[in-house]
Amino acid sequence: MTRWVDATFVRGGTSKGLFFSESALPPLNTDGDTAVWDRLFTSAMGSPDPFGRQLDGMGGGVSSLSKIVVVAASARDGVDLDYTFGQVSVTEAAVDYSGNCGNLSSGVVPFALSAGLISAADGWHVFRLFNTNTQKLVDVGLRVVGGQADVTGDLVLPGVSGTGAPVELIYPDPAGSRTAGLLPTGKASESITADGAMFDVSLVGATLPVVIVPAVVFGLNGDETPEEIDANVHAMNMIAELRRNAAVRMGLCESPEEAPDVVPKVALVTAPMPTRLLDGSTLAAEDADLPVRMISMGQTHKAVPGTGAMCLAAAAQIPDTIINRIIRRSRPGADTGDEDRTVGPEVRLATPSGVVTAGAVFDAETVTATSLFRTARVLMRGQVAVTD
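Computed from a prediction, not measured in an experiment: that's the story for all the values here.

Engineer: Residues and numbers for empty space enclosed by the protein, please.
Structural biologist: The rolling of a water-molecule-sized probe over the atoms marks out the regions of remaining empty space. In the structure shown here, the tally under the stated rule is 1 cavity of 30 Å³ or more. Approximately 100 Å³ is the volume found for the largest cavity. Around the largest cavity, the lining comprises 16 residues; the ones closest to its centre are Lys67, Gln87, Cys101, Lys265 and Pro305. Its residues assigned to classes, the lining of the largest cavity shows 5 nonpolar, 9 polar and 2 charged.

Engineer: Account for helix H1 (residues 35-45), with residues named and values stated.
Structural biologist: Within H1, 8 of the 11 residues are buried, which leaves the element mostly enclosed by the surrounding structure. When H1 is considered as a whole, its buried residues turn out to be Trp37, Asp38, Leu40, Phe41, Thr42, Ser43, Ala44 and Met45. On its buried side, H1 packs onto strand E1 (2-12), strand E2 (15-21), strand E3 (67-73), strand E4 (81-88), strand E5 (95-96) and strand E21 (376-387). Gly46 lies just past H1 and shows a positive phi near 90°.

Engineer: Outline the side chain of Ser63, supporting the account with residue identities and numerical values.
Structural biologist: As for its placement among the helices and strands, Ser63 is situated in the loop between H1 and E3. On the basis of relative accessible area, Ser63 is assigned to the buried category, the value being 9%. When near neighbours in sequence (up to four residues on either side) are disregarded, Ser63 contacts Gln87, Ser296, Met297 and Gln299.

Engineer: Could you give me a rundown of unusual backbone geometry, with the residues and numbers involved?
Structural biologist: Between Ser47 and the following residue, Pro48, the backbone shows a cis peptide bond with an omega angle of 5°. By the element assignment, Pro48 lies in the loop between H1 and E3. Within the chain, Gln135 stands out as a residue other than glycine whose phi angle is a positive 60°. Here Gln135 lies in the loop between strand E6 (123-131) and strand E7 (136-145). Within the chain, Thr207 stands out as a residue other than glycine whose phi angle is a positive 65°. With respect to the helices and strands, the residue Thr207 is situated in the loop between strand E11 (197-206) and strand E12 (208-214). The buried category is assigned to Thr207, whose relative accessible area is 4%.

Engineer: Explain the layout of surface pockets residue by residue, including any values.
Structural biologist: Volume-wise, the largest pocket comes out at about 580 Å³. Broken down by secondary-structure element, the contributors of at least two residues to the lining of the largest pocket are helix H5 (233-249) and strand E16 (290-296). Here the lining of the largest pocket gets 7 residues from one element, more than from any other, and that element is H5. A per-class count over the lining of the largest pocket returns 12 nonpolar, 9 polar and 6 charged. Put simply, the second largest pocket is a space of about 350 Å³. Mapped onto the lining of the second largest pocket, the elements with two or more residues apiece are E2, helix H4 (226-231) and strand E17 (299-300). Of the residues contributing to the lining of the second largest pocket, the split by class is 5 nonpolar, 11 polar and 5 charged.

Scoring rules and cut-offs
- Residues numbered from 1 in each chain as written.
- Predicted model: local features only at pLDDT ≥ 70, side-chain atom pairs only at ≥ 80, totals over all residues.
- Heavy atoms only, no water.
- 1 Å grid on protein atoms, 1.4 Å probe; cavity = no way out; pocket = protein on both sides within 12 Å on 5 of 7 lines; lining within 4 Å.
- Points joined across faces, edges and corners; volume = space filled by probe spheres on them.
- Nonpolar A, V, L, I, M, F, W, Y, C, P; charged D, E, K, R; others polar.
- Buried < 20%, exposed > 50% of the residue type's maximum accessible area, 1.4 Å probe, protein only.
- Helix = DSSP H or I, 4+ residues; strand = E, 2+ residues; numbered from the N terminus.
- Contact = heavy atoms within 4.5 Å.

Below is the structure:
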């Protein structure tokens, strides 16, 4: 039997997903069991699909296009909206709520304005959001025009055609997102095993738990296309095992087999070099601080998750992380032996789609805020078909 549920299709950053007002969904059980939502979300997205395309739903066959956000007006003091992010598996009937999505966070306010959950006069506003996945606050700044989020502007977002109005995301107090702290193990870098080998990694929890590892240890240059990395079965298997083992080390699960699907992400990094982009052009080495290829849900992201970019910006400022060492060595004056050089608050990441710039504020003990600019647009409003 087909049911129709009010929903909105929204692009946020380099992701797209279905947004729902919480009031349009069946209530959850008092124990918080999400099974009733999971069935609805997987049906709407077209999962499970053994062919990996989600043709019988709204999903796009890759992790960045198979996402759900549930939004409600907040009853918390000083907070405008509560939102819950769900990552819908493509091949399984499963929804993972273990992490937040920085890209779709930029679509929460545009959706809420469109759905009438909040209202605002024309002009620039900063809205405060509460993310239920991470129990963290997010501040979203954007311009309102005619009661709706402005979509016209000059901001170019790598991986998205055209230009759009800027949406500023600020994550106050991002440390310890689903982990015990900024450095979940207390170490800026450490060794971890996978496939019988030992790897030097940095485990960082800021806005999103991320495993940072040099690309070269998997036999990669670090400038490969997402398709080339995904086709490297041996490397992808090692990365998957490393991710599961790191999840245990970061306190996200008790055993590798229980590792969440969404977190931690794995960031493959290398020293600055000319980087091939998806549009066929080459990004000069001096135009970015760090080439990165990020693995999300078993696939190489075509750009970078928004929260992942902010975590890398935070890691860049933490002394002796892998990223911090790479950037300090590659910047002018590296041959002077000055180990006190600092990394600026913004880091330019060379992704397969172009340069993504993220910022972080570090006070010598912890990261007090991270930030990122995105664009967002409401694409369609209506109802989505779900089957019981």
